[in-house]
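Observations on the model geometry
If you want the building blocks of each chain, they are given just below.
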Amino acid sequence: MIRKLGWGVMSTANIGQVAVIPAIQKSKFGTVEVLASRDIEKARQVAQALGIGRVVGSYEALLKDPDVDAVYIPLPNTMHAEWTIRAAEAGKAVLCEKPLATSAEDVAKQIEACAKHGVSLMEAFMYRFHPQTRRVRELITSGAIGQVKEVRAHLSVNIMRTFDRSNIRYADRLGGGALLDMGCYTVNICRMIFGREPGRVIGRLQIDPNLRVDTSAAGILEFDGGIGMITCWFGADGQGAYTIVGTEGTIEVPRGIILGLGTRVPEGLIVVMDADGKRREEIFEPGDHYRDMVDAFSGALLNGQPVPLSPEDSLKNMKVLEALARSSAKDSSESV
Ligand SMILES: NC(=O)c1ccc[n+]([C@@H]2O[C@H](COP(=O)([O-])OP(=O)(O)OC[C@H]3O[C@@H](n4cnc5c(N)ncnc54)[C@H](OP(=O)(O)O)[C@@H]3O)[C@@H](O)[C@H]2O)c1
């Protein structure tokens, strides 16, 4: 019989309800034992709707629960570090939502706490577990488009179309803003494809004067021998695409980041164009990259292996995000 991890879920966050809790429930190696919320009545309602057996009325209580081996943390971004560290102190492994924290200093503290208490930590970058992402990496390593020169990564979700002021993404004190919320993916894609770190970056955040968070952000990432370009938006149509330009061809991944949720998962698609302009498509069956992420994380834990996405890599990602924000704050732009 396969041993299963007992999971505790920290909050009734939307992403947990629509994607990650069902993914744990479908996972080969996990069960959701307990759901925690600041509001026990809300926890009861969600637990009943999703078929979770037990609820607790605080995150502290979740960490004291002996049936919980691992916690999933989908809290507002500024709370990720504190609750990861508290979970580590309680001996629980942590799957934490992106971005892992709101500063590199905090990510370093999360890594230190998890190492000290001997627990695993992983940032929930679900797109990394989609088969099309694996295939893109294979194509790059096999030299299918030669040497990578440019990566352009874009993510937008028009959350401003039906504006909800209470959305955590608009709250500076909760780590809101498009760069942290969406730029974390686009930066991750550039670093994953180049397989190294950018030496310098230029960032441009457009801060909404009323919300006081960036509702869009753009960046140029200078890699040794290549350029990454990122854009992200709260107020533009939902797209999550990236393009890789190599010396011998181009790869387009039109649904590289927004891969759908629950029953609305579209098929994956990679378009490869060679230097002669020949175009071919690779299509991937709709799967469940959230479940695959949970399986990969849980499988690693049960087998005593390192988790598939290292928190040290998340630290590097956060350093780039911070550098983009610092560059923007310095405002070295020229008037036209
Ligand atoms: N991987 C993905 O595909 C994906 C997609 C969306 C979001 N995310 C990430 O997941 C996290 C949650 O995002 P979400 O959109 O699901 O958030 P959400 O629906 O607003 O949920 C956040 C939860 O945090 C808890 N919370 C504790 N203190 C809070 C406070 N002061 N203000 C508001 N909520 C508070 C609340 O739960 P209780 O009241 O039950 O305690 C709330 O339900 C974020 O880090 C985000 O970046 C990831």
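Every value quoted in this text rests on a predicted model; they were computed, and no experiment measured them.

Glancing now at the overall build of the protein. A tally of regular secondary structure across the protein gives nine helices and 14 strands. Relative to a compact globule of 336 residues, whose C-alpha radius of gyration would be 20 Å, the protein shows 20 Å and is just as compact. Looking at the protein residue by residue over its 336 residues, the buried ones come to 48%. Taking contacts inside the protein between residues at least 6 apart in sequence as the whole, the part at least 24 apart equals 68%.

To continue, consider the site of the ligand. The environment of the ligand is formed by 20 residues, the closest being Ser-11, Thr-12, Ala-13, Asn-14 and Ser-37. Residue classes in the shell around the ligand are distributed as nine nonpolar, five polar and six charged.

Split by domain assignment, the protein resolves into domain 1 (5-125) and domain 2 (131-286). Of note, the centres of domain 1 and domain 2, computed from C-alpha atoms alone, are 26 Å apart. Taken together, the contact pairs ten residues of domain 1 with nine residues of domain 2. When the residues that make up the side of domain 1 that touches domain 2 are grouped by side-chain class, the tally is six nonpolar, three polar and one charged.

For helix α4 (residues 80-89), the buried fraction is high: seven of the ten residues fall into the buried class. Every buried residue of α4 is listed here: His-80, Ala-81, Trp-83, Thr-84, Ile-85, Ala-87 and Ala-88. Against the buried residues of α4 lie β1 (5-10), α3 (59-64), β4 (70-73), β5 (93-96), α5 (104-116) and β6 (121-123). Where α4 terminates, the next one or two residues include Gly-91, which has phi positive at roughly 80°.

As summarised here, the arrangement of the eight strands in space is β8-β9-β10-β7-β11-β12-β13-β14, forming an open sheet in which the pairing is mixed. Pairing within the sheet leaves two strands with one partner each, and these edge strands are β8 (200-207) and β14 (279-284). With direction set aside, neighbouring strand axes in the sheet form an average angle of 10°. Sitting on the sheet, helix α6 (residues 131-141) is in contact with β7 (148-156), β11 (242-246), β12 (249-253), β13 (268-274) and β14, with an inclination near 20° to β13. Each of β8 and β9 (214-223) touches helix α9 (residues 311-330); the most contacted strand, β8, lies at about 65° to it.

End to end, helix α7 (residues 178-194) covers 23 Å across 17 residues, agreeing with the expected 24 Å (1.5 Å per residue, within 8%). The sharpest bend along α7 comes to roughly 40°, located at Cys-184. The buried fraction of α7 is high, at 17 of 17 residues. The first or second residue beyond α7 is Gly-195, which carries a positive phi of 70°.

Definitions and limits used
Starting afresh in each chain, residues are numbered from 1 along the sequence in its written order. Only residues with pLDDT of at least 70 are given local features in this predicted model, and only at 80 or more are side-chain atom pairs given and counted; all residues enter the totals for whole chains, interfaces and linings. In DSSP terms, a helix is any run of H or I states spanning at least four residues, a strand is any run of E spanning at least two, and both are numbered starting from the N terminus. Between the two quantities, the radius of gyration covers C-alpha atoms and the globule rule is 2.2 Å times the number of residues to the power 0.38. Every C-beta atom is placed from the backbone, and the number of other C-beta atoms within 10 Å of a residue's own sets its class: buried at 20 or more, exposed at 12 or fewer, partly exposed in between. Placing a C-beta atom from the backbone of each residue, one calls two residues in contact when those atoms lie within 7 Å. Near, as applied to residues and a molecule or strand, means the residue's backbone-placed C-beta atom lies within 6 Å of it. For this scheme, ten residues count as nonpolar: Ala, Val, Leu, Ile, Met, Phe, Trp, Tyr, Cys and Pro. Four count as charged, namely Asp, Glu, Lys and Arg, and the remainder, Gly too, count as polar. What counts as a domain boundary in this text is fixed by an automatic or database domain assignment. For two strands to be treated as a pair, DSSP must find at least two bridges joining them. For helices, the fitted axis covers only the stretch in contact; all axes are lines through C-alpha atoms, and the angles between them, taken along N-to-C directions, range from 0 to 180 degrees. Here a helix's expected span is defined as the number of its residues, less one, multiplied by 1.5 Å. We define the bend at any residue as the angle between the axes fitted to the seven residues before and including it, ending there, and the seven starting there.

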